[in-house]
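Below, each chain spelled out in residue letters.
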Amino acid sequence: MSVNVNLNRCDGCGVCVSKCPAKVLALKEIQQEDYDRLGMFGKLKIKVKGKSRAYVIKASACTQCRKCQINCHERAIKVG
């Protein structure tokens, strides 16, 4: 089972976290090594939207309901 968050697309809104019944995701401050890998657009989102981003914290708990993926307005999450 894999849940992937594209940090270049994620804007840290938290909808995925609130929709996940298994609590697979959490909002956390972006880690420096992840920030360093962001493209120009991702870094701009940090400046505009803040430093919180969705991170997978319990991938093994994922039930593949895809509620996180379906509700992500940035299309930053892929389940599968």
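Residues numbered from 1 in each chain as written. Predicted model: local features only at pLDDT ≥ 70, side-chain atom pairs only at ≥ 80, totals over all residues. Heavy atoms only, no water.

Trainee: Just to check I follow, could you spell out the nonpolar core for this structure?
Mentor: It is characteristic of soluble globular proteins that their nonpolar side chains tend to be buried jointly. Grouped together as the largest cluster of nonpolar side chains are 20 residues, with contacts concentrated most on V3, V5, V24, L25 and I77. Look past the residues within four positions of L25 in its chain and what remains in contact with it is V3, V5, C16, V17, Y55, V56, I57, C68 and I77. (Core = buried A, V, L, I, M, F, W, Y, C linked by side-chain atoms within 4.5 Å. Buried < 20%, exposed > 50% of the residue type's maximum accessible area, 1.4 Å probe, protein only. Contact = heavy atoms within 4.5 Å.)

Trainee: Help me understand the packing of aromatic side chains, please; the structure alone is not making it clear to me.
Mentor: Overall, the coordinates contain zero aromatic pairs when judged by the stated rule. Over the ring of Y35 we find K43, and its NZ or CZ is 5.2 Å from the ring centre. (Phe/Tyr/Trp six-rings, centres within 6.5 Å; stacked < 30°, edge-to-face > 60°. Lys NZ or Arg CZ within 6 Å of the ring centre and 35° of its normal.)

Trainee: Looking at this model, I keep getting lost on the pattern of salt bridges. Mind explaining?
Mentor: Two side chains bearing opposite charge may form a pair once their charged atoms approach each other closely. Within the structure shown, the criterion is met by three salt bridges. Of the charged contacts in the structure, one is a salt bridge between D11 and K49, with a shortest N-O distance of 3.9 Å. Pair noted here: D11 is in the loop between β1 (3-5) and α1 (15-19) and K49 is in helix α3 (residues 40-49), with a separation of 38 residues, a long-range link. Taking relative accessible area as the criterion, K49 reaches 52% and is therefore assigned exposed. Taking the shortest distance from any N to any O, the salt bridge between E74 and K45 comes out at 2.9 Å. Highlighted residues: E74 in the loop between α4 (67-71) and β4 (77-79) and K45 in helix α3, separated in sequence by 29 residues. A relative accessible area of 22% places E74 in the partly exposed class. Overall, the relative accessible area of 9% leaves K45 in the buried class. (Salt bridge = Lys/Arg side-chain N within 4 Å of Asp/Glu carboxyl O. Helix = DSSP H or I, 4+ residues; strand = E, 2+ residues; numbered from the N terminus.)

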